[in-house]
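Summary of the model geometry
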Amino acid sequence: MRFFSLLLLGGSLVMPAHAADAQNWLSRLLKAEKQQSFQGVFVYERNGSFSTHAIWHLIGQNGGARERLLKLDGSPAEMLRVDGRLRCVSSTSADQLIEEGVWPPRPLDPQELTNWYELRMIGESRVAGRTAVVLAILPRDQYRYGFELHLDRETALPLKSLLLNEKGQLLERFQFTQLDTSTTLAKEKLEPGPACRPVKVLDAEGAEQDSWRSEWLPPGFTLRSAHAQPSPISGETVTYLMYGDGLARFSVFIEPLRGVPVEDARSQVGPTVAVSKRMATADGDTMITVIGEIPLGTAERIALSMRAGGEKAD
Amino acid sequence: MSREALYESLSAVMDDEADELELHRVLAAGRDDAEFRATWARYQLARAAMHKELLEPRLDIAASVSAALSMEDTPKIKIENTPKARRFSWGMVGRIAVAASVTVAVLAGVRLYNQSERAGAEMAQQATQPSLPIPQAHGTPVLAGYTEGAEQPQASSPNEAEQDANWHEKRLPAYIRQHAQQSTVNGAESALPYARSTSLENR
């Protein structure tokens, strides 16, 4: 709360030139992730969870990136990504991933982002023993959350990222405690452990893109992924849609109920909200579940705005 | 210790500025002293009014503090080994939270209480049960902060209500994980969605 007031106060004094500066820093960040090898340790914290992770990020001779992430406490969750593609994951639900071929990842566009967020330089800080510039990414409406990014002054890598709600309260913290950008990475550090299983990619077929649509979306959010998958619980076909504004994302799961009596539900896991709404369709009742790092009100409104193909709003 | 000092400590607790010693003093007074408890409630009310925040009269911080203290000695290891621990239960969340730290329980409770107007009454009610990581032997991850919808029908039979709860309970963990993991595929920044995703696997 206190921090947010400071942030607002600081913001009101900032010159417009700083916006361009902030945009430059974001562009530098995107470049840095493609060009800078590094290794380090970071913490992730949200309400109900605190964990530490190691990361190794190697840019090869040909410019390809290889990245390995390993959880350091509790179960050793692991992930290996090569040239932006997930190679292996040690996770209980790794078989739920969808081939990104049909819906290629869209890189963040700082210019486009300024339509939905205000970018501000709000000062300097020190993270993991390194000097950082602090960037505020403030939503222009109440439909999304804001970020505070601390970028390494030397390399523009993100040293710290905070997700803040509309009151400036902290929803999640991502923060390096140690970062090394100069030492050459040992090859074996980028080899996955035995628990890291190859990713089974779901068929993207059956994604009838017009079967469900949203009558309302917060400005800037567009469909990033759509497909149909069988539910591991009921066997029913679940329609899965993912939307994003370049920074925030939410998923919509649509499952036919076939007469099962189920009530609406809401829940919150750290920064992630889940809203389930029952909806009547021509094929009987359906449960719409919206999940994402967005305010509860936004998720509610999206859930209410989902329509089966061809159906009109009431 | 003087009355004034105690009230100063209470102010500090409410501003999240208390040290551990102060917090324990306030907790002890909140448990034993009805007058102090009433003052605490008034402070909470005043603070809520000042910040135009949600007012939830049903939330009795003092009572939950007392409950927390009385359960302080619950051995954590015992809970972990109970077969019941695999099942989702708010009672369990509360107990483990207490075992982990009364300090966190109370501070998080106070902070969560003010967190969101729109989250409505049931969120505030559950605020006294902060969701700390749950040690689990097997099974699905516990949904921290899982709440049922506000519009529970009065007429539904217990059987139906149970079915309802299970429906969401079975699906939400998988849905949330898929959302987080899909974000690692579609997202530009890789480490953050990954960390979110692994934080759901409380094992």
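Residues numbered from 1 in each chain as written. Chains lettered and ligands numbered in written order. Predicted model: local features only at pLDDT ≥ 70, side-chain atom pairs only at ≥ 80, totals over all residues.

**Some thoughts on the overall build of chain A**
To keep it simple, the criterion reads: Only DSSP runs of H or I reaching four residues or more are called helices, and only runs of E reaching two or more are called strands; each is numbered from the N terminus. Working definition of burial: number of other C-beta atoms within 10 Å of the residue's own, with buried at 20 or more, exposed at 12 or fewer, and partly exposed in between, all C-beta atoms being placed from the backbone.
Scanning chain A from N- to C-terminus turns up four helices and 21 strands. Within chain A, the proportion of its 314 residues that are buried is 42%.

**Topic: the overall build of chain B**
Definition in use: Residue pairs qualify as contacts under a 7 Å threshold applied to their C-beta atoms, which are placed from the backbone.
The helix and strand tally for chain B stands at ten helices and one strand. Tracing chain B from N to C terminus, the helices and strands come up as α-α-α-α-α-α-α-α-β-α-α. Residues classed as buried in chain B amount to 41% of the 203 residues present. A separation of at least 24 residues holds for 60% of the contacts in chain B among residues at least 6 apart in sequence.

**Quick word on the sheet that holds strand β11 (residues 170–180) of chain A**
The following threshold applies: In this description, strands pair whenever DSSP reports at least two bridges between them. Axis definition: a line fit to C-alpha positions, over the contact stretch in the case of helices; interaxial angles, taken between N-to-C directions, run 0 to 180 degrees.
Pairing in this open sheet of eleven strands is antiparallel, and the strands run β7-β8-β9-β10-β11-β1-β2-β3-β4-β5-β12 (chain A) from one edge to the other. Among the strands making up the open sheet, the edge pair consists of β7 (117–127) and β12 (197–198) of chain A. By the bridge criterion, four bridges tie strand β4 (residues 78–82) of chain A to strand β5 (residues 85–89) of chain A in an arrangement that is antiparallel. Counted as the bridge partner of A:Leu80 is A:Cys88 from β5(A). Contacts from helix α10 (residues 191–199) of chain B reach β1 (38–46), β2 (49–59), β3 (65–71), β4, β10 (158–164) and β11 of chain A within the one sheet, and its direction differs from that of β2(A) by about 140 degrees.

**Considerations on the nonpolar core**
Selection criterion: Any set of buried Ala, Val, Leu, Ile, Met, Phe, Trp, Tyr and Cys residues joined through C-beta atoms within 7 Å is what this text calls a nonpolar core.
If you look at the biggest cluster of nonpolar residues, it comprises 81 residues, and the most contacted ones within it are A:Leu135, A:Ile137, A:Leu151, A:Val290, A:Ala299, B:Ile176 and B:Ala191. Those residues within four positions of A:Ile137 in sequence are excluded, and the remaining contacts are A:Tyr117, A:Leu119, A:Gly146, A:Phe147, A:Leu149 and A:Leu247. The next biggest cluster of nonpolar side chains, apart from the first, holds seven residues, and it includes B:Leu10, B:Val13, B:Val26 and B:Ala29.

**A few points about the environment of A:Leu162**
Residue and element names in this part refer to chain A. Within the element layout of this structure, Leu162 appears in strand β10. Overall, the presence of 21 C-beta atoms within 10 Å leaves Leu162 in the buried class. C-alpha separation for the pair Leu162 and Phe174, spaced twelve residues apart in sequence, amounts to 6.4 Å. Residues in contact with Leu162, not counting those within four places in the same chain, are Phe147, Glu148, Leu170 and Arg173.

**Re the pairing of β11(A)**
Where a strand is regular, its side chains alternate between the two sheet faces. Residue and element names in this part refer to chain A. Pairing analysis gives eight bridges linking β1 to β11, with the strands arranged antiparallel. Bridge pairing links Gly40 to Leu179 in β11. With five bridges joining them, β10 and β11 adopt antiparallel strand pairing. Residue pairing across strands places Leu163 opposite Glu172, the latter belonging to β11.

**Some thoughts on the confidence of the model for chain A**
Just so we agree on the cut-off: A residue's pLDDT is the confidence the predictor assigns to it, expressed on a 0 to 100 scale.
Summarising the model, chain A shows a mean pLDDT of 85, and 84% of its residues fall at 70 or more. Residue range residues 5–15 of chain A is modelled with pLDDT below 50. Its contacts to residues more than four positions away, or to other chains, number ten contacts.

**Section: the confidence of the model for chain B**
Residues and elements named next belong to chain B. Per-residue confidence for chain B averages 57 on the pLDDT scale, and 37% of its residues sit at or above 70. Mean pLDDT in chain B bottoms out at helix α7 (residues 102–113), which sits at 37, and peaks at α10, which reaches 83. Per-residue pLDDT stays below 50 along residues 53–59; that stretch engages in 16 contacts with residues further than four places along the chain or on separate chains. Overall, residues 73–158 carries pLDDT values under 50, and its contacts beyond four positions in sequence, including any with other chains, amount to 140 contacts.

**Concerning helix α2 (residues 20–32) of chain B**
Residues and elements named next belong to chain B. As a reminder, the rule being used: Under the convention used throughout, the expected extent of a helix is 1.5 Å for every residue step, that is, one less than its residue count. Along the arc lie the directions from the helix axis toward the C-beta atoms.
End to end, α2 covers 19 Å across 13 residues, agreeing with the expected 18 Å (1.5 Å per residue, within 8%). Residues of α2 that are buried include every one of Val26, Leu27, Ala29 and Gly30, and no others. Down the axis of α2, the smallest arc covering the buried residues is 165 degrees, so these residues share one side. Among the exposed residues of α2, those oriented more than 90 degrees off its buried face are Glu20, Leu21 and Asp32.

**Structural notes on the packing of helix α1 (residues 3–14) of chain B against α2(B)**
Residues and elements named next belong to chain B. The condition that has to hold: Roughly parallel refers to an angle under 35 degrees, roughly antiparallel to one over 145, roughly perpendicular to one between 65 and 115, and oblique to any angle outside these ranges. Think of it as three bins: nonpolar holds Ala, Val, Leu, Ile, Met, Phe, Trp, Tyr, Cys and Pro, charged holds Asp, Glu, Lys and Arg, and polar takes everything else, Gly as well.
At a closest axis distance of 9 Å, the pairing of α1 and α2 adopts a crossing angle of 110 degrees. As far as their axial angle goes, α2 and α1 are roughly perpendicular. From α1, Leu6, Ser9, Leu10, Ala12 and Val13 reach across to α2, where they touch Glu22, Leu23, Arg25, Val26 and Ala29. Classifying every residue of the contact of α1 with α2 by side-chain character gives seven nonpolar, one polar and two charged.

**Focus: the environment of B:Ala191**
Within the secondary structure, B:Ala191 is located in helix α10. Residue class for B:Ala191 comes out buried when judged on the 24 C-beta atoms lying within 10 Å of it. Sequence-distant contacts of B:Ala191, that is, excluding residues within four places in its chain, are made with A:Phe42, A:Ile55, A:Leu69 and A:Phe174.

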